[in-house]
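Chain residues, written in single-letter form:
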Amino acid sequence: ISQLIWSGGATTDNAGAYEAWYAHDDGNLSVALTTHEESMHTRKWMPCFDEPRYKAPFKLSIEHPSHLIALSNARVVSIEKTAGRRTSSFERTWPISSYLYTFSVTDYVSQETSVDGLPVTVYVPPPLASSLPKAVKLIEEVIPLMLKTFSAVHISKKLDFVFFPDHVSAMENPGHISLGADYLDKKATLVHEMMHQYFGNLITMDWWSDLWINEGLTNFYEDIAIYGNRTLDLLLSLRGLRYNSIVGDVLDTSIPLHNAVHTFIESRHMFRNPYTKGGIVINMLREYVGKADFDAVIEKILDERANATLSLPQFYDYLSKIEGGIGEKAVKIARDFMEQANYPLLLVRHTNETTVIRQVRFHRGFAKEQQRDYDTRWTIPIHLTSLDGIYTRTLVMEKEEITVNNRGILIVDPSRVVNYRVVYDRQTYEAIRKSQLSEEDKDFMELDLVEAATLGYTDATTTYDVIMTR
């Protein structure tokens, strides 16, 4: 056993252990002490192996002024009082990564509740005391949304929500969720942090090169928890997520979901797209595999990897075990969309009895035909449907161009939100305009056409005519 003795000071920049100031109604200032450690800031206040793969139990005691409250990931087991000060000691935590280990010392006011037997306490600075009842009510609504998504056991024996006036965002620390005061009434953010209790806390990415494990899975299942499966609200939310993902993923500086990380700066760079692209790639895989089978894979990962980490090869291994050859195809899809930057554009044209689909890398700067990248290819799940919805077919595209025999016009099902764009020939857009598809579906499909025209992949005049005809 090694024993280390060290000392350090608090910062004021929301990194490591830092001071969180707030103003009272009379103008006087008060300060709290807390932490924000993602991605590599725990080392700023304690010596540790500050890497997510090294999960360990932690045990903490804090000596502090007696009028303040000390909190951490685990429950307080004892308080010793001495001459105006006290020492708060906490239970040993379950194995967690160092960036999730936290504490706070505050003079905040609180309100307690219980949700499905889990003790929950909400803390805010005194000037925000009037917001407590409403915040507690919202949190009581949010926690069950997370608990019903999977059957995995939520291992925290208590849960604190602590709202700091100057916290830059929100952090899912197990047992001690830290948030900016701006998030007191933000349902989506609260659900997001709760879903992290599965993805990030119960299972954790092995290293920052796979941040999508924490954020992509969380973002997707956050939407499922809020909107349910196969609802219009879910569809609209996923389309918004897709737009935010692909609109900027067209640059030379774009990086894959899985990317090498060697430095702190590189770890921060990874936060650019795992929320949005990660969520949409997960949705695309789930659409291809099937909701029940994919959710069963995630449930198995949560069960078998609980309190451990997950790497990309391990995820592939779980995915590959889906029967009927679907798992092997799903791994190919996942590998191409996770390990390659950018995304494909499908160019679809119809002849009398065939549909020809060609893929090209959608990339800013490759506008001319001879400059386009047909060499970078993806394994692409394509859900085809006739305009009347009577005929449907799912296929996997593994080469530059494929031909599908048909007796009518086929389109890529706009209700399946995928991580690629699709453009059609003019006659197809004419048929789409006259079809019974909803106006929202038509708008969604034409947005891909406009984006493709902007980067030179389709004719601008034709695009203008298609849009103005609507």
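Residues numbered from 1 in each chain as written. Predicted model: local features only at pLDDT ≥ 70, side-chain atom pairs only at ≥ 80, totals over all residues. Heavy atoms only, no water.

Colleague: Where do I start with the overall build of the protein chain in this structure?
Modeller: The helix and strand inventory of the protein chain stands at twelve helices and 21 strands. Taken over the C-alpha trace, the protein chain has a radius of gyration of 25 Å; the compact-globule value for 470 residues is 23 Å, and the two agree within 12%. Considered along the principal axes of its C-alpha atoms, the protein chain spans approximately 90 × 50 × 40 Å. Burial status across the protein chain gives 55% buried among its 470 residues. Counting contacts in the protein chain only where the partners sit at least 6 residues apart, residues at least 24 apart contribute 64% of the total. When the accessible surface of the protein chain is summed, it comes to about 20600 Å², and 50% of that surface belongs to carbon and sulfur atoms. (Helix = DSSP H or I, 4+ residues; strand = E, 2+ residues; numbered from the N terminus. Rg over C-alpha atoms; globule rule 2.2 N^0.38 Å. Buried < 20%, exposed > 50% of the residue type's maximum accessible area, 1.4 Å probe, protein only. Contact = heavy atoms within 4.5 Å. Areas by Shrake-Rupley, 256 points an atom, 1.4 Å probe, with all protein chains shown as cover.)

Colleague: Help me out: how do you make sense of the packing of helix α6 (residues 276-289) against helix α9 (residues 326-339) in this one?
Modeller: When two helices pack together, their arrangement is given by the angle between the helix axes and the distance between those axes. In contact at an axis separation of 10 Å, α6 and α9 are set at 160 degrees when each is read in the N-to-C sense. What the angle tells us is that α6 and α9 run roughly antiparallel. Two packed elements cross with a definite hand, and for α6 against α9 that hand is right-handed. Taken together, the residues of α9 that come into contact with α6 (itself represented by Lys 277, Val 281, Ile 282, Met 284, Leu 285, Tyr 288 and Val 289) are Ile 326, Lys 329, Ala 330, Ile 333, Ala 334, Phe 337 and Met 338. Among the residues making up the contact of α6 with α9, the classes are represented as twelve nonpolar, no polar and two charged. (Axes fitted to C-alpha atoms, helices over the stretch in contact; angles between N-to-C directions. Parallel < 35°, antiparallel > 145°, perpendicular 65-115°, else oblique. Left-handed = near helix turned anticlockwise from the far one by under 90°. Nonpolar A, V, L, I, M, F, W, Y, C, P; charged D, E, K, R; others polar.)

Colleague: What is the right way to read a nonpolar patch on the surface from this model?
Modeller: A cluster of nonpolar side chains, Tyr 243, Val 247, Leu 447, Val 450, Tyr 464, Ile 467 and Met 468, forms an exposed patch at the surface whose accessible area comes to about 590 Å². Where the nonpolar patch is concerned, the elements lending two or more residues are α11 (439-454) and α12 (460-469). In terms of residues, the nonpolar patch owes the most to one element, α12, which gives three residues. With respect to the secondary-structure elements, Met 468 resides in helix α12. (Patch = residues over 30% accessible without salt bridge, like charges linked within 9 Å, V, L, I, M, F, W, Y side chains within 5 Å. Salt bridge = Lys/Arg side-chain N within 4 Å of Asp/Glu carboxyl O.)

Colleague: It is not clear to me how the packing of α6 against helix α7 (residues 291-304) should be interpreted in this structure. Could you clarify?
Modeller: Relative to each other, α6 and α7 sit at 125 degrees, their axes nearing to 6 Å. As judged from the angle between their axes, α6 and α7 are oblique. Facing α6, whose interface residues are Ile 282, Leu 285, Arg 286 and Val 289, α7 presents Lys 291, Asp 293, Phe 294 and Asp 295. Residues that form the contact of α6 with α7 fall into these classes: four nonpolar, no polar and four charged.

Colleague: Can you walk me through the sheet that holds strand β10 (residues 159-164) in this structure?
Modeller: The strands that make up a sheet are held in pairs by hydrogen bonds between backbone atoms, and each pair lies either parallel or antiparallel. One open sheet accounts for five strands, arranged β8-β9-β10-β12-β11; its pairing is mixed. A strand with exactly one partner marks an edge of an open sheet, and here the two such strands are β8 (109-115) and β11 (170-171). Running at roughly 30 degrees to β8, helix α1 (residues 132-147) makes contact with β8, β9 (118-124) and β10 of the sheet. Packed onto the sheet, helix α2 (residues 187-195) meets β10, β11 and β12 (176-180) and runs at close to 150 degrees relative to β12. (Pairing = 2+ DSSP bridges.)

Colleague: Looking at this structure, how should I read the pairing of strand β18 (residues 392-397)?
Modeller: Successive side chains on a regular strand alternate, one facing one side of the sheet and the next facing the other. For strand β17 (residues 380-386) and β18, the ladder comprises six bridges, and the chain directions are antiparallel. For His 383, the partnering residue across the bridge sits in β18 and is Thr 394. Linking β17 back to β18 in an antiparallel pair, the connection comprises five residues, with Gly 389 at a positive phi of about 80 degrees.

Colleague: Would you take a moment to explain the pairing of strand β5 (residues 76-82) for this structure?
Modeller: Note: β5 against strand β6 (residues 85-90), six bridges, orientation antiparallel. Bridge pairing links Lys 81 to Arg 86 in β6. In textbook terms, the turn of a hairpin is the stretch between consecutive antiparallel strands, and for β5 and β6 this stretch comprises two residues, one of which, Ala 83, has a positive phi near 35 degrees.

Colleague: What is the right way to read the UniProt feature "domain: Aminopeptidase N-like N-terminal" (unreviewed entry) in the protein chain from this model?
Modeller: Mapped onto the present numbering, the UniProt feature "domain: Aminopeptidase N-like N-terminal" (unreviewed entry) falls at residues 7-100. Helix makes up 0% of residues 7-100 and strand 40%, with an end-to-end C-alpha separation of 21 Å. (UniProt positions renumbered as here; feature names shortened; annotations may be inferred.)

Colleague: Explanation requested: the nonpolar core in the structure shown.
Modeller: When a protein is soluble and globular, its nonpolar side chains tend to lie buried together. Counting residues in each nonpolar core, the largest one holds 117 residues, and the members touching the most others are Phe 161, Phe 315 and Met 338. The element contributing the most residues to this core is α1, with nine residues. Once residues within four sequence positions are removed from consideration, Phe 315 is found in contact with Trp 212, Leu 285, Phe 294, Ile 298, Ile 301, Leu 310 and Met 338. In terms of nonpolar packing, the next biggest core, distinct from the first, is built from 14 residues, Phe 58, Ile 62, Leu 68 and Phe 90 among them. (Core = buried A, V, L, I, M, F, W, Y, C linked by side-chain atoms within 4.5 Å.)

Colleague: I would appreciate a short explanation of the pattern of salt bridges in the present structure.
Modeller: When the charged atoms of two side chains lie near each other, side chains of opposite charge can form a pair. Summed over the entire model, instances satisfying the criterion amount to 25 salt bridges. For Lys 158, the salt bridge is made with Asp 160, and the minimal N-O distance between the two is 2.5 Å. Note on accessibility: Lys 158 and Asp 160 belong to one class, buried. Arg 377 serves as the salt-bridge partner of Glu 400, at 3.3 Å between the closest nitrogen and oxygen. Of the two residues, Glu 400 is situated in the loop between β18 and β19 (401-405) and Arg 377 in the loop between β16 (354-362) and β17; the sequence distance between them amounts to 23 residues. What emerges from the salt-bridge pattern is a single network uniting Arg 230, Glu 287, Asp 413 and Arg 416.

Colleague: Honestly, α6 in this entry has me stumped. Any pointers?
Modeller: Residue pairs three or four apart in sequence face the same way in an α-helix, which turns once every 3.6 residues. For α6, spanning 14 residues, the distance from its first C-alpha to its last is 20 Å, which sits close to the expected 20 Å at 1.5 Å a residue. Among the 14 residues of α6, 14 are classified as buried, and the element is accordingly described as predominantly covered. Trailing α6 by a residue or two, Gly 290 shows a phi angle of about 110 degrees, which is positive. (Expected span 1.5 Å × (residues − 1).)

Colleague: Help me out: how do you make sense of the packing of aromatic side chains in this one?
Modeller: Working definition: an aromatic ring pair is given by the centre-to-centre distance plus the angle between the planes. Overall, the coordinates contain 19 aromatic pairs when judged by the stated rule. A ring pair is formed by Trp 45 and Phe 103, whose centres lie 5.1 Å apart and whose planes are at 70 degrees; its orientation type is edge-to-face. Taken as a pair, Trp 45 in the loop between β2 (29-36) and β3 (61-65) and Phe 103 in strand β7 (residues 103-106) lie far apart in primary sequence, 58 residues in all. Classification of Trp 45 as buried rests on a relative accessible area of 16%. With relative accessibility at 8%, the residue Phe 103 sits in the buried group. Considering the side-chain rings of Phe 150 and Phe 199, the 5.8 Å spacing of their centres and the 90 degrees angle between planes classify their relative orientation as edge-to-face. Linking Phe 150 in the loop between α1 and β10 with Phe 199 in the loop between α2 and β13 (203-205), this pair joins segments that are 49 residues apart in sequence. (Phe/Tyr/Trp six-rings, centres within 6.5 Å; stacked < 30°, edge-to-face > 60°.)

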